[in-house]
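Given next are the chains, with one letter for each unit.
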Amino acid sequence: MVNSAVIDQHGAAPVFGLYINGEWRAAASGKSYENRNPARPDDLIGSFASGGTEDVDAAVSAAAEAFTAWSMSSPITRANILYKASEILASRVNEIGRELTREEGKTLKEGIGETSRAVQILRYYAGEAQQPTGEHYPSANPATLLYTVREPLGPCAIITPWNFPIAIPAWKIAPALAFGNTVVFKPATLTPLCAVRLTEALAEAGLPEGVLNLVTGSAGEVGDPLVNDERIIAISFTGSNEVGRQLKMSATARGAKVQLEMGGKNPAIVLADADLEHAVTNVINGAMMSTGQKCTATSRAIVDHRVADELSERLAQRIGALRVGDPQEEATQMGPLISAEAAKRVAGEIDRAKREGLTLLTKDGASTDLGDGYFVRPALFGGVAPDSRLAQEELFGPVLGVIPVDGLDEAIEVANNVRFGLSASLFTRDIGRALTFVRKIQAGVVHVNSETAGAEPQVPFGGYKGSSSYSREQGKAAREFFTQVKTVYLDPPPSA
Ligand code: UN1
């Protein structure tokens, strides 16, 4: 039998399997679920295996079994496999980028861009795997060779969201593997195809069986048993605060190492001396790309009152002109929300803000040509109070509020007055104010004169306060999470 991700066919739609111990297979229950295009829900992308406890058990067993050999393998061997996977993915960037757009709903430019980013991430970790693994120290005994070595942890669970369906899995899985861990990968239920594509590339690159296992399915049927499996030593999770907190409590209670990346309520501060056109472009990109569904999205424009009216006007004009539609069309600038439920929730938040008396600056005339996709028109609210719901809660959609303030000090105070602290931007020409902002802002990723979203693979990524769990992903920080330190005192035997 061919070892292919497509294990069956339901009419015209393929059925994709789980990947366990080097083999694509159906879920033990035999069940699968449908995955549809959020821009055109009648477009069935495929069916995906609905994993369950039995599958999780098989995947964890495979990861546990494969760990000894993989953890002892040369980092150079691992680097070569990651590099090969990057090449395989690179050769399919356009195809997979289009699939990402069809499955997730971000624009083609973003879908292909994100896939290229996954290629870059795999390449980066191929290099990172070849970096030093420890440090050499002086000892009280001059004859002692005293050094540390970072060693892998064991089987890890990688639990990822739908909003970056290939980049986030790549930036968690690649370091886990590079540093000698094995993986059970549980992707978001809504974006299993990207997870299959990444797994295929890594499998084809020559990962030994059991080193990476993919179990698609729901949080309850796959996520819970995975998090609670005693053999899973570490868990890296990106998703909502509610799920993250719960996950951390149950996993740390049994002694697992846990890393969480969660929400944001990211501010872009615009001072009166800023280049307004540049600020407008970056605020809109930060707020509206990926339909506002990034934890790094800009959701508060905190603006000096001297330029607040002008900036609001320009934002309203340009946001109102964004071409919303099917992201598979090149001209589209903003696609749908991920699901019917998400669209309903975000539309409800917009209605609620209007009912509470907030001023909607963009026109919200219903569009005629959006079909039955999960579309919500982008919304800009003006004169928003810093303590309003719109300025405090993460809405995860194309909604932006302008909060007028009096100068930098008040702007920073307002910016910090939320429970999140992922990313933040400042727009100014004044280096002194920029330095003050960098020092006082409570955020893990800080930008001056660029948008709040974005994360390069070679630097640490993560948030302050409720956005994260005080650990960082990517860059050198990934090695810290996915390894533990062994300290070695090596003394010569006493000479005869
Ligand atoms: C980005 O801004 O490009 O889920 C990355 C998220 C973040 C990643 C953002 N963890 O939106």
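Fair warning: this is a prediction, and the values are worked out from it, not measured in the lab.

**Q** Help me out: how do you make sense of the packing of helix H13 (residues 407-416) against helix H14 (residues 431-440) in this one?
**A** A pair of packed helices can be characterised by two numbers: the angle between their axes and the separation between those axes. Viewed as axis vectors pointing N to C, H13 and H14 meet at an angle of 25°, and their least axial separation amounts to 11 Å. When the interaxial angle is binned, H13 and H14 end up roughly parallel. Between H13 and H14 the crossing geometry is right-handed. Across from Leu408, Ile412 and Asn416 in H13, the residues of H14 making contact are Arg433, Thr436, Phe437 and Lys440. A class-by-class count of the residues in the contact of H13 with H14 yields three nonpolar, two polar and two charged.

**Q** Looking at this model, I keep getting lost on the sheet that holds strand S6 (residues 40-49). Mind explaining?
**A** Through backbone hydrogen bonds, the strands of a sheet pair up, either in parallel or in antiparallel fashion. Taken together, four strands build an open sheet; the order of strands is S1-S2-S6-S5 and the sheet is mixed. With one partner strand each, in any of the chains shown, strand S1 (6-10) and strand S5 (32-37) form the two edges of the open sheet. Across the sheet, the axes of successive neighbouring strands diverge by a mean angle of 35°, strand direction being ignored. Two strands pair when backbone bridges link them, and strand S2 (residues 13-16) and S6 are joined in this way by two bridges, in the parallel orientation.

**Q** Help me understand the side chain of Ser290 in this model?
**A** As for its placement among the helices and strands, Ser290 is situated in the loop between helix H9 (276-288) and strand S15 (298-304). Among residues more than four places away in sequence, those in contact with Ser290 are Lys106 and Glu110.

**Q** How should the side chain of Thr115 be read in this particular structure?
**A** Take Thr115: it is sitting in helix H4 (residues 108-128). Note on Thr115: relative accessible area 0%, which makes it buried. Once residues within four sequence positions are removed from consideration, Thr115 is found in contact with Val93, Ile96, Gly97, Leu100 and Ile166.

**Q** So what exactly am I meant to see when it comes to the nonpolar core here?
**A** Grouped burial of nonpolar side chains is what soluble globular proteins tend to show. Core analysis: the largest hydrophobic core is formed by 102 residues, its most contacted members being Leu89, Ile173, Leu202, Ile269 and Phe381. Domain assignment of the residues forming this core places at least three in each of domain 1 (6-262 + 468-486) and domain 2 (266-448).

Conventions adopted
- Residues numbered from 1 in each chain as written.
- Predicted model: local features only at pLDDT ≥ 70, side-chain atom pairs only at ≥ 80, totals over all residues.
- Heavy atoms only, no water.
- Axes fitted to C-alpha atoms, helices over the stretch in contact; angles between N-to-C directions.
- Helix = DSSP H or I, 4+ residues; strand = E, 2+ residues; numbered from the N terminus.
- Parallel < 35°, antiparallel > 145°, perpendicular 65-115°, else oblique.
- Left-handed = near helix turned anticlockwise from the far one by under 90°.
- Contact = heavy atoms within 4.5 Å.
- Nonpolar A, V, L, I, M, F, W, Y, C, P; charged D, E, K, R; others polar.
- Pairing = 2+ DSSP bridges.
- Buried < 20%, exposed > 50% of the residue type's maximum accessible area, 1.4 Å probe, protein only.
- Core = buried A, V, L, I, M, F, W, Y, C linked by side-chain atoms within 4.5 Å.
- Domains from an automatic or database assignment.

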